[in-house]
Amino acid sequence: NAYASEHGLTVVFNDITSHKVRHAAQLVAEDRFRLAAANPSITLYEQDRDLRYSWLYPLHEEHAHALGKTDDELSRPGSSTAELAAFKREVMSSGVEMRREFKIKIPAGLRYYDVFVSPRRDDRGAIIGVSGAAFDITQRKQVEEELRLLYRLMDAVNRAAADHEIYEAALDALCLLQGTERSAILLWDNEGAMRFVASRGLSEGYREAVDGHSPWIQSEPDAKPICIEDVTTSDLTPELRATIRGE
């Protein structure tokens, strides 16, 4: 800044180097934040002391719905949200950041998360909640589980003294790989009919009603998988449609 005076000109220099350095560092940090947050597998969040979400990033429709709610209110029965809430409360009580993996059922399905939690503090240092990041590691966990189940299936085949031992391992693999809780194994019998030899999650009435039915013929050399998106509009018989819908 320059000021005129009766003796000439007064010039004042203010060293703003530290301000420029801090500003440049802030821009770098913001760029790194945006780069990390752009990863769709990462969710950043803040929660109050009641563990209600007060901020989520990125704020898409699903996250906007979560604001003001707890993990328990957002999950489905059978999730490990009680353990997740206890974990976050442990962070608040200890004041120490922690990291742990959790398996959670949400409306979109079963997901695995690597959760990092840090205590949130106000200007006086009092803990007012938690903040952190949740890394969606579902794909990695599914690959690990698939390899584990395939190994178990191969081991069961090698060790089996009876067929039913193989069937149980195969049902485990089917349920995981297809993301379902219901599955069955059917084999052709000596009369050329498809019969249930093992099943999971299917009622006895359903098995009796569809036993012997097959969309393929026994001599088909290259049978293809069949997917029916809507049973009500399929070309199945009315009786079979009713049976499937009832199940």
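Calculation criteria
Residues numbered from 1 in each chain as written. Predicted model: local features only at pLDDT ≥ 70, side-chain atom pairs only at ≥ 80, totals over all residues. Heavy atoms only, no water. Axes fitted to C-alpha atoms, helices over the stretch in contact; angles between N-to-C directions. Helix = DSSP H or I, 4+ residues; strand = E, 2+ residues; numbered from the N terminus. Parallel < 35°, antiparallel > 145°, perpendicular 65-115°, else oblique. Left-handed = near helix turned anticlockwise from the far one by under 90°. Contact = heavy atoms within 4.5 Å. Nonpolar A, V, L, I, M, F, W, Y, C, P; charged D, E, K, R; others polar. Expected span 1.5 Å × (residues − 1). Buried < 20%, exposed > 50% of the residue type's maximum accessible area, 1.4 Å probe, protein only. Phe/Tyr/Trp six-rings, centres within 6.5 Å; stacked < 30°, edge-to-face > 60°. Lys NZ or Arg CZ within 6 Å of the ring centre and 35° of its normal. Pairing = 2+ DSSP bridges.

**Some remarks on the packing of helix H5 (residues 138–159) against helix H6 (residues 163–178)**
Next up, step 1: Close contact between H5 and H6 brings their axes to 9 Å; oriented N to C, the two are set at 165°. When the axis of H5 is compared with that of H6, the two are roughly antiparallel. Considering the relative orientation of H5 and H6, their crossing is left-handed. Each of Glu145, Glu146, Leu149, Arg152, Leu153, Ala156, Val157 and Arg159 in H5 lies in contact with H6, whose residues at this interface are Glu165, Ile166, Ala169, Ala170, Asp172, Ala173, Leu176 and Leu177.
Next up, step 2: Taken together, the residues of the contact of H5 with H6 sort by class into 10 nonpolar, no polar and 6 charged.

**Some thoughts on H6**
Residues that lie three or four places apart on an α-helix share one face, since the helix turns once every 3.6 residues.
Next up, step 1: Counted at 1.5 Å a residue, the expected span for H6 with its 16 residues is 22 Å, and the 22 Å between its end C-alpha atoms agrees.
Next up, step 2: The complete set of buried residues in H6 reads Tyr167, Ala169, Ala170, Leu171, Asp172, Ala173 and Cys175.
Next up, step 3: Looking at the residues trailing H6, positive phi occurs at Gly179, about 65°.

**Concerning the packing of aromatic side chains**
Next up, step 1: Going through the model one piece at a time under the given rule, you end up with 3 aromatic pairs.
Next up, step 2: Seen from their ring centres, Tyr45 and Tyr53 are 5.9 Å apart, and the 80° between their planes marks the pair as edge-to-face. For the pair formed by Tyr45 and Tyr53, the shared burial category is buried.
Next up, step 3: Stacked on the ring of Tyr45, the Lys or Arg Lys88 has its end atom at 4.9 Å from the ring centre.

**Focus on the sheet that holds strand S5 (residues 98–106)**
Next up, step 1: Strand order in this open sheet of 5 strands is S4-S3-S7-S6-S5, and the pairing throughout is antiparallel. Only two strands of the sheet have a single partner each, and these edge strands are strand S4 (53–57) and S5. Ignoring which end each strand starts from, the neighbouring axes of this sheet average 25° apart.
Next up, step 2: Where S5 meets strand S6 (residues 109–121), 9 bridges bridge the pair, whose relative direction is antiparallel. When the sheet's bridge partners are listed, Met98 is paired in S6 with Val117.
Next up, step 3: Across the sheet, helix H4 (residues 81–94) touches strand S3 (42–48), S4, S5, S6 and strand S7 (127–136), and the angle it forms with S5 is around 150°.
Next up, step 4: Where H5 meets the sheet, its contacts fall on S5, S6 and S7, and the angle it forms with S6 comes to roughly 135°.

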